Amino acid sequence: LKKKKLTNKLKFVFFSRLNYDKGIMELINAIKIVNKKGYDKSFDLNIFGLFDNNPTGLNKIELFNLIKDIKNCFFKEVGYGANLTEIFSKRHIFVLPSHREGLPKTVLEARNFQTALLLSKIPGHNNLINKKKLNGLYFKKKNEIELSKKIILMIKNKKKIMKFMSNSRANLEFFSTNRVNKKFYEISK
(Lines give C-alpha, C1' and ligand atoms only; values in the text may rest on other atoms or scores of the structure.)
Protein backbone atom coordinates (compact mmCIF):
# COMPACT_ATOMS: atom_id res chain seq x y z
CA LEU A 1 0.00 0.00 0.00
CA LYS A 2 1.11 3.54 -0.73
CA LYS A 3 1.49 5.73 2.31
CA LYS A 4 -1.63 7.83 2.85
CA LYS A 5 -1.44 11.60 2.80
CA LEU A 6 -3.50 14.04 4.80
CA THR A 7 -5.68 16.60 3.07
CA ASN A 8 -6.85 19.93 4.47
CA LYS A 9 -9.98 18.19 5.71
CA LEU A 10 -9.66 15.14 7.94
CA LYS A 11 -11.85 12.34 6.69
CA PHE A 12 -13.51 10.21 9.37
CA VAL A 13 -15.31 6.99 8.46
CA PHE A 14 -17.87 4.84 10.25
CA PHE A 15 -18.45 1.41 8.68
CA SER A 16 -20.84 -0.95 10.43
CA ARG A 17 -24.33 -2.31 10.72
CA LEU A 18 -26.61 0.60 11.54
CA ASN A 19 -27.94 -0.05 15.02
CA TYR A 20 -27.90 1.74 18.33
CA ASP A 21 -25.42 -0.73 19.89
CA LYS A 22 -22.79 0.40 17.37
CA GLY A 23 -22.93 3.90 18.88
CA ILE A 24 -24.30 5.65 15.81
CA MET A 25 -26.37 8.06 17.95
CA GLU A 26 -23.35 9.08 20.04
CA LEU A 27 -21.34 9.60 16.87
CA ILE A 28 -23.97 11.79 15.20
CA ASN A 29 -24.43 13.82 18.41
CA ALA A 30 -20.65 14.21 18.76
CA ILE A 31 -20.41 15.48 15.17
CA LYS A 32 -23.10 18.07 15.92
CA ILE A 33 -21.13 19.22 19.00
CA VAL A 34 -17.88 19.48 17.00
CA ASN A 35 -19.64 21.44 14.25
CA LYS A 36 -21.22 23.86 16.77
CA LYS A 37 -17.70 24.58 18.04
CA GLY A 38 -16.73 25.78 14.55
CA TYR A 39 -14.83 22.78 13.18
CA ASP A 40 -17.39 21.85 10.49
CA LYS A 41 -15.08 22.89 7.63
CA SER A 42 -12.13 20.93 9.10
CA PHE A 43 -13.49 17.40 8.64
CA ASP A 44 -16.03 15.12 6.98
CA LEU A 45 -17.75 12.03 8.30
CA ASN A 46 -18.59 9.28 5.83
CA ILE A 47 -21.03 6.68 7.11
CA PHE A 48 -21.03 3.36 5.28
CA GLY A 49 -23.68 1.12 6.71
CA LEU A 50 -25.91 -1.84 6.45
CA PHE A 51 -29.54 -1.90 7.58
CA ASP A 52 -30.52 -5.25 9.08
CA ASN A 53 -33.30 -6.83 11.13
CA ASN A 54 -31.58 -6.21 14.47
CA PRO A 55 -34.11 -5.08 17.10
CA THR A 56 -31.80 -2.14 17.90
CA GLY A 57 -31.46 -1.18 14.24
CA LEU A 58 -32.17 2.21 12.74
CA ASN A 59 -34.29 2.46 9.65
CA LYS A 60 -33.38 4.59 6.64
CA ILE A 61 -35.84 7.36 7.39
CA GLU A 62 -34.51 7.69 10.96
CA LEU A 63 -30.93 7.92 9.77
CA PHE A 64 -31.69 10.41 6.99
CA ASN A 65 -33.61 12.61 9.44
CA LEU A 66 -30.68 12.52 11.87
CA ILE A 67 -28.05 13.58 9.33
CA LYS A 68 -30.01 15.67 6.78
CA ASP A 69 -28.90 19.01 8.26
CA ILE A 70 -25.27 18.01 8.86
CA LYS A 71 -23.47 19.34 5.77
CA ASN A 72 -20.19 17.49 6.46
CA CYS A 73 -21.85 14.10 7.05
CA PHE A 74 -22.41 11.71 4.15
CA PHE A 75 -24.08 8.30 3.96
CA LYS A 76 -23.81 5.37 1.59
CA GLU A 77 -25.65 2.11 2.10
CA VAL A 78 -23.45 -0.95 1.63
CA GLY A 79 -23.92 -4.68 1.97
CA TYR A 80 -21.72 -7.44 3.33
CA GLY A 81 -19.66 -7.48 0.11
CA ALA A 82 -18.68 -3.82 0.44
CA ASN A 83 -15.66 -2.51 -1.45
CA LEU A 84 -13.12 -1.94 1.35
CA THR A 85 -10.81 0.07 -0.89
CA GLU A 86 -13.63 2.53 -1.58
CA ILE A 87 -14.41 2.78 2.14
CA PHE A 88 -10.93 3.10 3.62
CA SER A 89 -8.39 4.23 1.02
CA LYS A 90 -9.31 7.93 1.09
CA ARG A 91 -10.27 8.12 4.78
CA HIS A 92 -7.91 9.01 7.60
CA ILE A 93 -9.67 7.95 10.82
CA PHE A 94 -11.99 5.02 11.47
CA VAL A 95 -14.40 5.70 14.33
CA LEU A 96 -16.35 2.92 16.04
CA PRO A 97 -18.27 4.01 19.16
CA SER A 98 -19.73 0.54 19.88
CA HIS A 99 -21.29 -0.25 23.23
CA ARG A 100 -20.07 -3.85 23.02
CA GLU A 101 -18.16 -5.97 20.50
CA GLY A 102 -16.39 -9.24 20.04
CA LEU A 103 -13.36 -8.54 17.86
CA PRO A 104 -14.62 -6.23 15.11
CA LYS A 105 -13.15 -7.20 11.74
CA THR A 106 -13.84 -3.71 10.46
CA VAL A 107 -11.15 -2.34 12.78
CA LEU A 108 -8.61 -4.82 11.42
CA GLU A 109 -9.66 -3.91 7.88
CA ALA A 110 -9.23 -0.21 8.66
CA ARG A 111 -5.77 -0.85 10.12
CA ASN A 112 -4.78 -2.75 7.00
CA PHE A 113 -5.58 0.42 5.00
CA GLN A 114 -3.36 2.59 7.26
CA THR A 115 -6.36 4.24 8.88
CA ALA A 116 -6.01 5.76 12.36
CA LEU A 117 -8.49 4.58 14.98
CA LEU A 118 -10.96 6.28 17.31
CA LEU A 119 -12.62 3.55 19.38
CA SER A 120 -14.86 3.25 22.41
CA LYS A 121 -13.06 1.79 25.43
CA ILE A 122 -14.73 -1.64 25.65
CA PRO A 123 -13.29 -5.16 26.12
CA GLY A 124 -13.73 -6.09 22.43
CA HIS A 125 -11.50 -3.17 21.41
CA ASN A 126 -8.61 -4.13 23.73
CA ASN A 127 -5.32 -4.58 21.87
CA LEU A 128 -6.61 -2.80 18.75
CA ILE A 129 -4.75 0.37 19.62
CA ASN A 130 -1.09 -0.48 19.93
CA LYS A 131 0.37 1.04 23.11
CA LYS A 132 3.97 0.95 21.81
CA LYS A 133 3.25 2.21 18.29
CA LEU A 134 0.20 4.34 18.96
CA ASN A 135 -2.32 4.13 16.12
CA GLY A 136 -5.35 5.84 17.62
CA LEU A 137 -7.28 6.92 20.68
CA TYR A 138 -9.91 5.47 22.97
CA PHE A 139 -12.90 7.30 24.48
CA LYS A 140 -15.51 6.29 27.07
CA LYS A 141 -18.41 4.32 25.60
CA LYS A 142 -21.80 6.06 25.37
CA ASN A 143 -20.08 9.42 25.91
CA GLU A 144 -20.68 11.83 23.03
CA ILE A 145 -18.94 14.68 24.90
CA GLU A 146 -15.66 12.78 25.24
CA LEU A 147 -15.96 11.54 21.65
CA SER A 148 -16.41 15.13 20.43
CA LYS A 149 -13.31 16.20 22.40
CA LYS A 150 -11.25 13.38 20.83
CA ILE A 151 -12.44 14.38 17.35
CA ILE A 152 -11.36 17.98 18.01
CA LEU A 153 -8.03 16.76 19.42
CA MET A 154 -7.45 14.82 16.21
CA ILE A 155 -8.43 17.79 14.02
CA LYS A 156 -5.91 19.97 15.87
CA ASN A 157 -3.07 17.42 15.74
CA LYS A 158 -2.53 16.38 12.13
CA LYS A 159 1.08 15.34 12.79
CA LYS A 160 -0.18 12.90 15.41
CA ILE A 161 -2.75 11.57 12.92
CA MET A 162 0.02 10.98 10.36
CA LYS A 163 1.89 8.95 12.99
CA PHE A 164 -1.26 7.01 13.91
CA MET A 165 -1.86 6.21 10.24
CA SER A 166 1.69 5.04 9.64
CA ASN A 167 1.54 2.88 12.80
CA SER A 168 -1.87 1.47 12.01
CA ARG A 169 -0.67 -1.64 10.19
CA ALA A 170 1.80 -2.39 12.99
CA ASN A 171 0.89 -5.32 15.19
CA LEU A 172 -1.58 -6.81 12.71
CA GLU A 173 0.33 -10.10 12.97
CA PHE A 174 -1.10 -10.30 16.52
CA PHE A 175 -4.44 -11.03 14.80
CA SER A 176 -3.16 -13.35 12.05
CA THR A 177 -5.08 -16.54 11.31
CA ASN A 178 -2.09 -18.70 12.28
CA ARG A 179 -1.70 -16.99 15.65
CA VAL A 180 -5.45 -17.07 16.40
CA ASN A 181 -5.68 -20.77 15.41
CA LYS A 182 -2.64 -21.60 17.56
CA LYS A 183 -4.20 -19.85 20.59
CA PHE A 184 -7.50 -21.62 19.97
CA TYR A 185 -5.69 -24.98 19.79
CA GLU A 186 -3.80 -24.25 23.04
CA ILE A 187 -7.01 -23.29 24.87
CA SER A 188 -8.97 -26.28 23.59
CA LYS A 189 -6.37 -28.86 24.68
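The paragraphs below set out a description of the structure included in this document.

**A short note on the sheet that holds strand β5 (residues 116-120)**
Judged by pairing direction, the sheet is parallel, and its 6 strands sit side by side in the order β3-β2-β1-β4-β5-β6 without closing on themselves. For this open sheet the edge positions go to β3 (73-77) and β6 (136-139), each flanked by a neighbour on one side alone. The mean inter-strand angle of the sheet, taken between neighbouring strand axes irrespective of direction, is 20 degrees. Pairing of strand β1 (residues 10-17) with strand β2 (residues 43-50) involves 8 bridges; the strand directions are parallel. Paired with phenylalanine 12 across the strands is leucine 45, a residue of β2. The sheet strands contacting helix α1 (residues 24-39) are β1, β2 and β4 (93-96), and the helix crosses β2 at an angle near 165 degrees.

**Quick look at a positive patch on the surface**
On the surface, Lys3, Lys5, Lys133 and Lys163 cluster together into a positively charged patch. The residue lysine 3 is located in the segment before β1 in this model. With relative accessibility at 59%, the residue lysine 3 sits in the exposed group.

**Quick notes on the nonpolar core**
Note that soluble globular proteins tend to have their nonpolar side chains buried in a common cluster. Formed by 53 residues in total, the largest nonpolar core has its most connected members in Phe12, Phe14, Leu45, Phe94, Leu118, Ile151 and Met154. Here phenylalanine 94 is in contact with Val13, Phe14, Phe15, Phe88, Thr106, Val107, Ala110, Thr115, Ala116, Leu117 and Leu118, once residues within four sequence places are set aside.

**Here's the deal with the packing of helix α5 (residues 144-156) against helix α6 (residues 158-167)**
Two numbers describe a pair of packed helices, the interaxial angle and the distance between the axes. Remark: α5 packs on α6, axes separated minimally by 5 Å, with the N-to-C direction vectors making an angle of 95 degrees. As the angle between them shows, α5 and α6 are arranged roughly perpendicular. Where α5 approaches α6, its residues Met154, Ile155 and Lys156 are matched on the opposing element by Lys158, Ile161 and Phe164. In the contact of α5 with α6, the residues fall into 4 nonpolar, no polar and 2 charged.

**Thoughts on the pattern of salt bridges**
Taken as a whole and judged by the stated rule, the model has 9 salt bridges. Salt-bridge contacts for aspartate 52 lead to arginine 17; the nearest nitrogen and oxygen are separated by 3.1 Å. With aspartate 52 in the loop between β2 and α2 (60-67) and arginine 17 in strand β1, the pair connects residues that are 35 residues apart, well separated along the chain. Close ionic contact of aspartate 21 with arginine 100 constitutes a salt bridge, the shortest N to O distance being 3.1 Å. Within this pair, whereas aspartate 21 is found in the loop between β1 and α1, its partner arginine 100 is found in the loop between β4 and α4 (105-112), the two being separated by 79 residues in sequence. A residue is classified by how much of its surface remains accessible, and aspartate 21, at 18% relative accessible area, is buried. A single network of salt bridges, built from pairs that share partners, joins Lys9, Lys11 and Asp44.

Rules used throughout
Residues numbered from 1 in each chain as written. Predicted model: local features only at pLDDT ≥ 70, side-chain atom pairs only at ≥ 80, totals over all residues. Heavy atoms only, no water. Pairing = 2+ DSSP bridges. Helix = DSSP H or I, 4+ residues; strand = E, 2+ residues; numbered from the N terminus. Axes fitted to C-alpha atoms, helices over the stretch in contact; angles between N-to-C directions. Contact = heavy atoms within 4.5 Å. Patch = residues over 30% accessible without salt bridge, like charges linked within 9 Å, V, L, I, M, F, W, Y side chains within 5 Å. Areas by Shrake-Rupley, 256 points an atom, 1.4 Å probe, with all protein chains shown as cover. Salt bridge = Lys/Arg side-chain N within 4 Å of Asp/Glu carboxyl O. Lys, Arg positive; Asp, Glu negative; His and termini not counted. Charge placed at Lys NZ, Arg CZ, Asp CG, Glu CD. Buried < 20%, exposed > 50% of the residue type's maximum accessible area, 1.4 Å probe, protein only. Core = buried A, V, L, I, M, F, W, Y, C linked by side-chain atoms within 4.5 Å. Parallel < 35°, antiparallel > 145°, perpendicular 65-115°, else oblique. Nonpolar A, V, L, I, M, F, W, Y, C, P; charged D, E, K, R; others polar.

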